[in-house]
There are 2 protein chains.
Amino acid sequence: MTKTEPAAEHELMLTRLIDAPRDKVFRAWTEPELIKQWFAPHPWTTPSAATDVRPGGSSLIVMRSPEGKDFPNRGIYLEVVKNERLVLTDAYTSAWIPSAKPFMTVILTFEDEGGKTRYTARVRHWTAEDKAAHEKMGFHEGWGLCTDQLEALVAKI
Amino acid sequence: MTKTEPAAEHELMLTRLIDAPRDKVFRAWTEPELIKQWFAPHPWTTPSAATDVRPGGSSLIVMRSPEGKDFPNRGIYLEVVKNERLVLTDAYTSAWIPSAKPFMTVILTFEDEGGKTRYTARVRHWTAEDKAAHEKMGFHEGWGLCTDQLEALVAKI
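Procedures and definitions
Residues numbered from 1 in each chain as written. Chains lettered and ligands numbered in written order. Predicted model: local features only at pLDDT ≥ 70, side-chain atom pairs only at ≥ 80, totals over all residues. Heavy atoms only, no water. Phe/Tyr/Trp six-rings, centres within 6.5 Å; stacked < 30°, edge-to-face > 60°. Helix = DSSP H or I, 4+ residues; strand = E, 2+ residues; numbered from the N terminus. Buried < 20%, exposed > 50% of the residue type's maximum accessible area, 1.4 Å probe, protein only. Expected span 1.5 Å × (residues − 1). Contact = heavy atoms within 4.5 Å. Polar contact = N/O pair within 3.5 Å; in protein donor to acceptor, adjacent residues only side chain to side chain. Salt bridge = Lys/Arg side-chain N within 4 Å of Asp/Glu carboxyl O. Nonpolar A, V, L, I, M, F, W, Y, C, P; charged D, E, K, R; others polar.

K.L.:
Which parts of the structure should I look at to understand the packing of aromatic side chains?
P.N.:
The relative placement of two aromatic rings is captured by the distance of their centres and the angle of their planes. The full count for this structure, using the stated rule, is 18 aromatic pairs over all chains. On the basis of an interplanar angle of 35 degrees and a centroid distance of 5.3 Å, the ring pair of Phe-139 of chain A and Trp-143 of chain A is categorised as tilted. Residue Phe-139 of chain A and its partner Trp-143 of chain A are located together in helix α4 (residues 139-154), separated by four residues, close to a single helical turn. As far as burial versus exposure is concerned, Phe-139 of chain A and Trp-143 of chain A are alike and both buried. Ring geometry for Trp-44 of chain B and Phe-71 of chain B: centres 5.3 Å apart, planes at 40 degrees, overall tilted. Note that Trp-44 of chain B is positioned in the loop between α2 (32-38) and β2 (45-51) and Phe-71 of chain B in strand β4 (residues 70-81), a separation of 27 residues in sequence. In this structure Trp-44 of chain B comes out as partly exposed when scored by relative accessible area, which is 28%. Members of the aromatic cluster, connected to one another through ring pairs, are Phe-26, Phe-110 and Tyr-119 of chain A.

K.L.:
Could you clarify how one ought to interpret α4 of chain A in this entry?
P.N.:
Turn by turn, an α-helix covers 3.6 residues, leaving residues three or four places apart pointing in a common direction. For α4 of chain A, which comprises 16 residues, the first-to-last C-alpha distance of 22 Å matches the rise-based estimate of 22 Å (1.5 Å per residue) to within 8%. Buried residues in α4 of chain A make contact with β1 (11-18), α1 (22-30), α2 (32-38), β8 (104-113), β9 (116-125) and α3 (128-136) of chain A.

K.L.:
Before we go on, may I ask you to explain the side chain of Glu-11 of chain B in this structure?
P.N.:
Residues and elements named next belong to chain B. Structurally, Glu-11 is set in strand β1 (residues 11-18). Take Glu-11: its relative accessible area is 9%, and that puts it in the buried class. Within the structure, Glu-11 has its side chain in polar contact with the backbone nitrogen of Ala-8 (distance 3.3 Å). Side chain to side chain, Glu-11 and Arg-124 meet in a polar contact 2.8 Å long. Discounting residues that sit within four places of it in the chain, Glu-11 has contacts with Arg-122, Val-123, Arg-124 and Lys-131.

K.L.:
Looking at this structure, how should I read the interface of chain B and chain A?
P.N.:
Bring the parts together and some accessible area is lost; that lost area is often taken as the interface size. Across the boundary between the two partners, chain B contributes 19 residues, which contact 19 residues of chain A. Counting across the chain B and chain A interface gives zero salt bridges. The interface formed by chain B and chain A includes ten residue pairs in polar contact (both at pLDDT 80 or more). Broken down by secondary-structure element, the contributors of at least two residues to the side of chain B that touches chain A are β4, β5 (85-89), β7 (97-98), β8 (104-113) and β9 (116-125) of chain B. Per-element tally for the side of chain B that touches chain A: the top contributor is β5 of chain B, with three residues. Along the lines of polarity and charge, the residues of the side of chain B that touches chain A split into twelve nonpolar, four polar and three charged.

K.L.:
Looking at this model, I keep getting lost on unusual backbone geometry. Mind explaining?
P.N.:
Residues and elements named next belong to chain A. A cis amide bond, omega 15 degrees, links His-42 with the succeeding residue Pro-43. Unlike most non-glycine residues, His-10 shows phi in positive territory, near 60 degrees. Tracing the chain through its elements places His-10 in the segment before β1.

Bear in mind that shape data such as this cannot, by itself, settle questions of function.
In structure tokens:
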């Protein structure tokens, strides 16, 4: 997987050059205490995060709405290459329990660009409808805001 | 995963004690030349098989109907423990391209039972409808017949 690889069907993509080395960006995606600081777009919060960062390991990140309603995000890691690449999906809640709805597979790459990090998130869906729904839910704005928060966090760790 | 683990939701299961050591049963599931000899229930045939047996590796097995129509089965391996365990799914056609329809995840275990092999296939679906459809398509009969063929093959390799 490189930036030049053509997009898969039903894919949404975000890429940004982040002014931090890639190990910090990778840590922000994998360490619970860091995830809680950036994962949900403000004024949403992330009260809890648990990660078992290995292929087949589970991830449970809870996002809380401004009204106080919790939204648990369950998934598993499919691929883990430290400081380089993470692949997650919500198609399973643990290895290998199918989830109620396989919605997306997230492929994250962290590439060195002269000491900065080329951060790319490819979010693939199983159907055109799910991709359209995700876009309509505000994928670009939401992931953009979260990436602002991620960027602010890695600047100070 | 052990035999005593409770069944997941939407699961179909087949288990059989096969009179062969587990490395032979594992080989029959992973080596193309062996797969072609048992994978499709007679009078169907398996004209071709390609396997990249590692987590994230692809599998493409073509089954041919008695009328000569080919049915390609594409999937990927999620977990590989030689002679012990294989996990496959058709939710991806390669790592990590979502398939047109995530239908099942197959968890195969090969356990030693006094020199014989306790072979267990757990087939998990994402929905109750898919499980019911698979059962109606003849899961028990079909997988049973194929397992007869697998058993006959491993007796002579």
